[in-house]
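Structure assessment
One letter stands for each residue in the lines below.
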Amino acid sequence: MNWLLIVGLGACWLGWQIVWAAPLPRQLRKEKPPVPADPQRAYMLFWLDQYGWIGLTLLGLGVLSALAGVLQ
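So, here is what we can say about the structure in this document. (Residues numbered from 1 in each chain as written. Predicted model: local features only at pLDDT ≥ 70, side-chain atom pairs only at ≥ 80, totals over all residues. Heavy atoms only, no water.)

Things to note about the overall build of the protein
Summing up its helical and strand segments, the protein has 2 helices and 0 strands in all. Computed over C-alpha atoms, the radius of gyration of the protein comes to 16 Å, more than 25% over the 11 Å expected from 2.2 N^0.38 for 72 residues, which places it beyond the range of a compact globule. Along the first, second and third principal axes, the C-alpha atoms of the protein reach 50 × 20 × 15 Å. Going through the 72 residues of the protein one by one, you find that 22% of them count as buried. The long-range fraction of contacts in the protein, counting pairs at least 24 apart against all pairs at least 6 apart in sequence, stands at 80%. (Helix = DSSP H or I, 4+ residues; strand = E, 2+ residues; numbered from the N terminus. Rg over C-alpha atoms; globule rule 2.2 N^0.38 Å. Buried < 20%, exposed > 50% of the residue type's maximum accessible area, 1.4 Å probe, protein only. Contact = heavy atoms within 4.5 Å.)

Take a look at the structure:
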């Protein structure tokens, strides 16, 4: 079996789990919630956004890798 396909499907699975658990990053939402004045809460929102971006990136790269593995 092709390693690109295996790694791609694994990345898709992990990326989809993250996208399912974490909200979309605020940069991609139509209605952007206001940033709280409390620095601790703003920092927490920043990391939630980063987690959402990580999930989307893993999902996208996983799809590309799985397709490359199938086409190879």
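Once you've had a look at it, read on.
Describing the pattern of salt bridges
Within this structure, the stated rule accounts for 1 salt bridge. Between Asp49 and Arg26 there is a salt bridge whose closest N-O contact spans 2.7 Å. In this pair, Asp49 is assigned in helix H2 (residues 39–71) and Arg26 in the loop between helix H1 (3–21) and H2, connecting sequence segments 23 residues apart. For Arg26, a relative accessible area of 16% puts it in the buried group. (Salt bridge = Lys/Arg side-chain N within 4 Å of Asp/Glu carboxyl O.)

Focus on the side chain of Asp49
Exposure remark for Asp49: the relative accessible area of 5% places this residue in the buried category. Only 2.7 Å separates the side chain of Asp49 from the side chain of Arg26, close enough to count as a polar contact. Ignoring any residue separated from it by four or fewer positions in sequence, one finds Asp49 in contact with Leu24, Pro25, Arg26 and Gln27. (Polar contact = N/O pair within 3.5 Å; in protein donor to acceptor, adjacent residues only side chain to side chain.)

Here's the deal with the packing of aromatic side chains
Using the criterion set out here, one finds 3 aromatic pairs in the structure. Ring centres of Tyr43 and Trp47 lie 6.2 Å apart, and the angle between their planes is 80 degrees; this geometry places the pair in the edge-to-face category. Of this pair, Tyr43 and Trp47 both sit in helix H2, 4 residues apart, which is roughly one turn of the helix. Overall, the relative accessible area of 53% leaves Tyr43 in the exposed class. (Phe/Tyr/Trp six-rings, centres within 6.5 Å; stacked < 30°, edge-to-face > 60°.)

A short note on H2
Compared with an ideal rise of 1.5 Å per residue, which puts 33 residues at 48 Å, H2 spans 48 Å between its outermost C-alpha atoms and is within 8% of the ideal. Those residues of H2 lying buried are Asp49, Gly52, Gly55, Gly62, Ser65, Ala66 and Gly69. Packing partners of the buried residues in H2 comprise H1. (Expected span 1.5 Å × (residues − 1).)

Geometry only, nothing functional implied.
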